[in-house]
Amino acid sequence: MLTLANPATPCSCAHSRRGCLLSRRRCISLAKSRVKMSSFEDRQDYAEGEIQGSKQLYLGMDFGTSGARYVLVDKQGTIHSERKRTYPLPLVGNTIHWASSWRETLFSLLEDIPLSLRQYIASISIDGTSATTLIIDRPFLYNESLPDALPIVTSIAPENHTVCSGSSTLCKLVSWWNSNNSNKGSAVLMHQSDWLLWLLHGKFGISDYNNALKVGYDPETDSYPSWLLAQPFSYLLPSVEAPGSPIGCMKEDIRLRFGFPKGCVVCTGTTDSIAAFLAARATQPGRAVTSLGSTLAIKLLSTSRIEDARFGVYSHRLDDKWLVGGASNTGGAVLRQIFTDDQLEVLSSQIDPLVPSPLDYYPLPAPGERFPVADPNMMPRLHPLPESRVEYLHGILESIARIEAKGYKLLKELGATEVEEVFTAGGGAKNQVWMKIRERVLGLPVHRASQTEAAYGAALLALKGVGLQN
């Protein structure tokens, strides 16, 4: 069982103006609207103290669907160290205990950082997969759909709201609330990155407005809406800050264990697709980033906010603009079910990217789709099976590109800024043949982003957290 707090330890959470709920096991922030966290003694100037006057480095960590990575950058964005790890798969009975896996990976990555560099790390931020949620010690994964809760959510939320999807964080919260008979007063809702950051700073009840979007938080008004606050489970909602906001200094036991400097700041995180967008530094409206990891996520920088749950479309706030887009369940996870990395490289080299594939697939790793069609019952379509493995891969790559194109077309139809240029992040950005296929299908310039890893975007948030980013 995952223990989230030591009952003998005094409460150290960042209290909201609503106060907090004390229980035998936890202190939970009752953040029913967006309120600023109260100050703490280390907050006034994080760049001073033990690391003042020396070179400063900023640590970003990305926790994706199959593994995690860290990137360590300086003020100019130059990478000084990076490392990745796949998740271990600890079993409790026949069930993978994901929270234990993420925690083990977090500490393994911290241990991987060269000892000579740890003393210069001024701040840390972490991104996680969107809508991956932990309530007490029950993790809900990003693509886990809970349609049993959807009728309740659609009855309380506005029509076509972002939360009106079986995989939304709010559906997971409602499903847990209606099925759990234990003492709900001792529960706490955390997104994946919230929980990982909590392991480092020790303060309950703090999230960011990118992760909180799918639980119903309104980034335009900087508050939870009244219809959500009226629900009996609203006391579980975390307080919300902008991504990259300083939370507090690293806990002393963690700092001493890994050799980090005094004053090392832990900052709020974001989702993995937002971090990948930040890494690409696509700063003008009309520029977009497609993240080709285990899934396909598209983000378009727009001057207009678009929300429509019928198509799985939602908008994340990015300062005074909006990142409009959605995430499909298609992507690299399907390819890994069929091909090895070596096979992908060899077969891709035999594809002519200028010739369209006649095969019409809808590649999914399992039933269910989120975007550009929100249909939890959609079945994968990977037939007919051609005789040639080259033709098969060509058909899958091109079909994923068509899904991407359908996504960008839908965003334009809904009122977003029209896409003009696409940058590519994630593992799929390494496949040059696929890049050319996508460029033909999209009819747009497609580039590999100069930085393709979400961990790099998380490092930029850590840099922002100490007020040094231009």
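Residues numbered from 1 in each chain as written. Predicted model: local features only at pLDDT ≥ 70, side-chain atom pairs only at ≥ 80, totals over all residues. Heavy atoms only, no water.

Turning next to the overall build of the protein chain. Across its full length, the protein chain holds 13 helices and 22 strands. Across the 470 residues that make up the protein chain, the buried fraction comes to 60%. Pairs at least 24 residues apart make up 68% of the contacts formed inside the protein chain by residues separated by at least 6 positions. (Helix = DSSP H or I, 4+ residues; strand = E, 2+ residues; numbered from the N terminus. Buried < 20%, exposed > 50% of the residue type's maximum accessible area, 1.4 Å probe, protein only. Contact = heavy atoms within 4.5 Å.)

Now for the sheet that holds strand 22 (residues 446-448). An order of 19-20-18-17-21-22 is seen for the 6 strands of this open sheet, with the pairing classed as mixed. In this open sheet, the two strands that pair with only one neighbour each are strand 19 (314-318) and strand 22. Between one strand axis and the next, the sheet turns by 25° as a mean value, whatever way the strands run. In the sheet, strand 18 (residues 296-302) pairs with strand 20 (residues 321-328) via 7 bridges, with the strands oriented antiparallel. Of the residues in strand 20, the one forming a bridge with Leu301 is Leu323. In the packing of helix 11 (residues 389-413) onto the sheet, the strands contacted are strand 17 (287-292), strand 18, strand 20 and strand 21 (421-425), and the crossing angle to strand 18 comes to about 30°. Contacting strand 17, strand 21 and strand 22, helix 12 (residues 432-442) crosses the sheet at an angle of about 155° to strand 22. (Pairing = 2+ DSSP bridges. Axes fitted to C-alpha atoms, helices over the stretch in contact; angles between N-to-C directions.)

Using the criterion set out here, one finds 11 aromatic pairs in the structure. With 5.0 Å between their ring centres and 85° between their planes, Tyr217 and Tyr224 make a pair best called edge-to-face. Given the relative accessible area of 3%, Tyr224 is considered buried. An aromatic cluster is built from Phe63, Tyr87, Trp98 and Trp102, whose rings are joined through pairwise contacts. Above the face of the Trp198 ring, Lys251 is positioned so that its terminal group lies 6.0 Å from the ring centre. The ring centre of Phe107 lies 4.7 Å from the NZ or CZ of Arg257, which sits over that ring. (Phe/Tyr/Trp six-rings, centres within 6.5 Å; stacked < 30°, edge-to-face > 60°. Lys NZ or Arg CZ within 6 Å of the ring centre and 35° of its normal.)

Close approach of charged atoms lets side chains of opposite charge pair. With the rule as written, the count across this model stands at 20 salt bridges. A salt bridge links Arg305 to Asp218, with the nearest nitrogen and oxygen atoms 3.0 Å apart. Here the residue Arg305 occupies a position in the loop between strand 18 and strand 19, and Asp218 occupies one in the loop between strand 12 (206-208) and helix 6 (226-229), the gap between them amounting to 87 residues. A salt bridge links Glu398 to Arg402; the shortest N-O distance between them is 3.7 Å. Taken as a pair, Glu398 and Arg402 lie in helix 11 at a separation of 4 residues, close to a single helical turn. (Salt bridge = Lys/Arg side-chain N within 4 Å of Asp/Glu carboxyl O.)

In this section: the packing of helix 1 (residues 98-112) against helix 5 (residues 192-201). Relative orientation and spacing of two packed helices are given, respectively, by the angle between their axes and the distance between those axes. Relative orientation of the contacting elements helix 1 and helix 5 amounts to 55°, with a least axis distance of 11 Å. Considering the angle they form, helix 1 stands oblique to helix 5. Remark: the crossing between helix 1 and helix 5 carries right-handed chirality. Every residue of helix 5 that contacts helix 1 at Ala99, Trp102, Arg103, Leu106, Phe107 and Leu110 is listed here: Gln192, Trp195, Leu196, Leu199 and Leu200. In terms of residue class, the contact of helix 1 with helix 5 is built from 9 nonpolar, 1 polar and 1 charged. (Parallel < 35°, antiparallel > 145°, perpendicular 65-115°, else oblique. Left-handed = near helix turned anticlockwise from the far one by under 90°. Nonpolar A, V, L, I, M, F, W, Y, C, P; charged D, E, K, R; others polar.)

On inspection of all chains with the given rule, the structure shows 0 disulfides. No disulfide involves Cys249; its sulfur sits 7.8 Å from that of Cys264, the nearest cysteine. (Disulfide = S-S within 2.5 Å.)

Mapped onto the secondary structure, Asp62 falls in strand 3 (residues 57-63). Arg69 provides the closest opposite charge to the buried, unpaired Asp62, separated from it by 5.7 Å. Apart from residues lying up to four places away in sequence, Asp62 is in contact with Gly67, Ala68, Arg69, Asp127, Asp272, Ala454 and Ala455. (Lys, Arg positive; Asp, Glu negative; His and termini not counted.)

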